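# Survey of secondary and tertiary structure
One-letter residues, chain by chain:
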Amino acid sequence: MPQLVPLPSEPSSEPEGLDSLLRRTAHGEESAFSSLYDQLVGCVLGLVRRVVRDPARAEEVTQEVFVQVWQSANRFDPEKGMAKTWVLTLAHRRAVDMVRHDQASTNREARYDWAGGPDFDVVNEEVTTRLEYEQVRKCMGTLTDLQRQAVNLAYYQGYTYAEVASLLKANPATVKTRMRDGLIRLRDCMGVTTA
Amino acid sequence: MVGAYVLDALTDSERDDFETHLATCATCAVELAEFQETAARLGAAAETTAPAELKMKVLEAVARAPQDRPNVISMTSRSQFRRVLPAMVAAAAALALILSFTAYQSQHDQTQNLQAQQAEFGQVLSADDAQTQSYKLDGGGRLRLVSSENLGEAVIAMDQLPELPSNRAYQLWRIDAAGHAESAGLMRNQDLPQGAATSLLTDLQDTEKIAMTIEPESGSNAPTTDAIAIMRIV
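Residues numbered from 1 in each chain as written. Chains lettered and ligands numbered in written order. Predicted model: local features only at pLDDT ≥ 70, side-chain atom pairs only at ≥ 80, totals over all residues. Heavy atoms only, no water.

### A closer look at the overall build of chain B
Per the secondary structure count, chain B includes six helices and eight strands. Secondary structure elements of chain B occur, N-terminal to C-terminal, as α-α-α-α-α-α-β-β-β-β-β-β-β-β. Residues classed as buried in chain B amount to 47% of the 234 residues present. The long-range fraction of contacts in chain B, counting pairs at least 24 apart against all pairs at least 6 apart in sequence, stands at 59%. Split by element, the accessible area of chain B, about 11700 Å² in all, is 50% carbon and sulfur. (Helix = DSSP H or I, 4+ residues; strand = E, 2+ residues; numbered from the N terminus. Buried < 20%, exposed > 50% of the residue type's maximum accessible area, 1.4 Å probe, protein only. Contact = heavy atoms within 4.5 Å. Areas by Shrake-Rupley, 256 points an atom, 1.4 Å probe, with all protein chains shown as cover.)

### Regarding the overall build of chain A
The number of helices and strands found in chain A is 10 helices and zero strands. Carbon and sulfur atoms make up 51% of the accessible area of chain A, which amounts to about 9400 Å² in all.

### A few points about the state of the cysteines
In total, this model carries two disulfides over all chains according to the counting rule given. Residue Cys139(A) pairs covalently with Cys189(A) via a disulfide, S to S 2.0 Å. Across the S-S bond linking Cys139(A) and Cys189(A), the dihedral sits near -80°, which makes this disulfide left-handed. Of this pair, Cys139(A) sits in helix 7 (residues 131-140) while Cys189(A) sits in helix 10 (residues 172-190), and the two are 50 residues apart along the sequence. Note on Cys189(A): relative accessible area 26%, which makes it partly exposed. Each sulfur in the disulfide pair Cys25(B) and Cys28(B) lies 2.0 Å from the other. Taking the torsion about the S-S bond as the criterion, the Cys25(B) to Cys28(B) disulfide, at about 85°, is right-handed. What makes Cys25(B) buried here is its relative accessible area of 14%. (Disulfide = S-S within 2.5 Å.)

### With respect to the pattern of salt bridges
All names here are of chain A. Applying the stated criterion across every chain yields a total of 18 salt bridges over all chains. Arg148 serves as the salt-bridge partner of Asp145, at 2.9 Å between the closest nitrogen and oxygen. Here the residue Asp145 and the residue Arg148 both occupy positions in helix 8 (residues 145-156), the gap between them amounting to three residues, near one helical turn. (Salt bridge = Lys/Arg side-chain N within 4 Å of Asp/Glu carboxyl O.)

### A closer look at the sheet that holds strand 6 (residues 197-201) of chain B
Pairing between sheet strands relies on hydrogen bonds along the backbone, with the strands arranged either parallel or antiparallel. All names here are of chain B. In spatial order, the strands read 1-2-3-6; together these four strands make up an open sheet with antiparallel pairing. On the outer flanks of this sheet lie strand 1 (131-136) and strand 6, each paired with one strand and no other. Along the sheet, successive strands turn relative to each other by an average axial angle of 15°, direction set aside. In the sheet, strand 3 (residues 153-159) pairs with strand 6 via five bridges, with the strands oriented antiparallel. Counterpart to Ala154 in the pairing with strand 6 is Leu201. (Pairing = 2+ DSSP bridges. Axes fitted to C-alpha atoms, helices over the stretch in contact; angles between N-to-C directions.)

### Quick look at the confidence of the model for chain A
Residues and elements named next belong to chain A. With 77% of its residues at a pLDDT of at least 70, chain A reaches an overall mean of 82. For chain A, per-element mean pLDDT is lowest for helix 5 (residues 108-111), which scores 44, and highest for helix 10, which scores 96. Low confidence marks residues 109-119, where pLDDT is under 50. Its contacts with residues over four positions away, or in another chain, come to 17 contacts. The model gives residues 121-129 a pLDDT under 50, and that stretch makes 13 contacts with residues more than four places away or in other chains. (pLDDT = per-residue confidence, 0-100.)

### Quick word on helix 2 (residues 30-52) of chain A
The α-helix advances 3.6 residues per turn, and as a result positions three or four apart in sequence lie on the same side. Residue and element names in this part refer to chain A. Helix length check: helix 2 (23 residues) gives 28 Å between terminal C-alpha atoms against 33 Å at 1.5 Å per residue, more than 12% under. Of all bends in helix 2, the biggest is about 55°, found at Leu40. With 17 of 23 residues buried, helix 2 lies mostly within the body of the structure. Directly after helix 2, the chain includes Arg53, whose backbone phi takes a positive value near 75°. (Expected span 1.5 Å × (residues − 1). Bend = angle between axes of the 7 residues up to and from the residue.)

### Re the packing of helix 1 (residues 18-26) of chain A against helix 4 (residues 83-102) of chain A
Residue and element names in this part refer to chain A. Two elements in contact, helix 1 and helix 4, have axes separated by 8 Å at closest approach and are oriented at 65°. Judged by residue contacts, Leu18, Asp19 and Leu22 of helix 1 engage Ala83, Lys84 and Trp86 from helix 4. Looking at side-chain class alone, the contact of helix 1 with helix 4 contains four nonpolar, no polar and two charged residues. (Nonpolar A, V, L, I, M, F, W, Y, C, P; charged D, E, K, R; others polar.)

### Notes on the nonpolar core
Membership of the largest hydrophobic core comes to 81 residues, with the highest contact counts inside it found for Val44(A), Val69(A), Met179(A), Leu186(A) and Leu42(B). In terms of residues, this core owes the most to one element, helix 2 of chain A, which gives 13 residues. Other than its neighbours up to four places away in sequence, Leu186(A) contacts Cys139(A), Met140(A), Leu143(A), Val151(A), Thr38(B) and Leu42(B). (Core = buried A, V, L, I, M, F, W, Y, C linked by side-chain atoms within 4.5 Å.)

### Remarks on the side chain of Gln67(B)
Following the sequence through the fold, Gln67(B) ends up in the loop between helix 4 (52-64) and helix 5 (80-99). Within the local environment of Gln67(B), its side chain forms a polar contact with the backbone oxygen of Thr25(A), the two atoms lying 2.7 Å apart. Not counting chain neighbours up to four residues away, the residues in contact with Gln67(B) comprise Thr25(A), Ala26(A), His27(A), Gly28(A), Trp70(A) and Gln71(A). (Polar contact = N/O pair within 3.5 Å; in protein donor to acceptor, adjacent residues only side chain to side chain.)

See the structure below:
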């Protein structure tokens, strides 16, 4: 029996108009900013929450990220990447800065039981079946253990490479190399290319 | 290094150093862009559902937040009058941003300060290439810097800086590309009512970064402690 099959969605594609919404935001158009927010808030909040963990804090940081997007939208350069990437890069840096600032006086190694490696699929509390998630999970699976742990601890938990090295009892220089190797594998697995 | 940079796994000073390197590394650009896109996919995979009330908070915050460089300035204008007016609007907006830090002042003081400071700072704040950045200090307080590369000047607004022991002062530094530091001003507790002050930094043509350290109250010829803030202006 024939079934309606959804058109294959391409996870690498930018939701249509995001670049243009960001450019209009830079021109002070609040309606464009509002649409931009609607399209990106789920990703921004999800990412920030993963890094800072505390839900209330994550909302504060998300709010700061969007204010920063509004204020500095004129710095977005479409030649250098996509709007979504630009916003998520801002969000990640801000979340990491926040978690390091908040935890500067606490011992994070003692606070989080990372033993066994808080892998991507383990820490994701809201398991979804979305294609993007599936792709990341699949591609994470192509990494070596050290590559995956290094990427996980740095990206999703905000550790510096030196902290990662200490947690994994590995050489810091090796950890840096593994981060790069891991990103190369992920990039190739996801088919990321820049035009 | 680029892997750790993209994952935000460098310390602040390593990040600064690497960004300096990136600025002159043409071959890094492609890999950087691809890695940033890759990392963004990792971020997007964490997507969740945001509470509806968050949008109201964001829109309210945005309504109070002036943009770095209001578009009106870059619009082509046909007459001198139309050129000047948007610049004044921009200056007023930027000044309001800076003065919003100094809420402790009475309305009257604020008006007087606004007039005095508008004359002094207006040129920087309304410059076509004015860039705004803010910096939160680990020990409390924050800095906001509006800089114009074309003018070689910047306005720095300091707010809620913690009070220092009486034999200590905050000192600002201009740092050039070679890392040489030159004093850009000294602020003792009495110069910082409620930990706040705004000042104009000039002669920044060769300056790459503005830094702040804590020094003996008479100031130092060169920084003697680690910087509590570093802001890149080029």
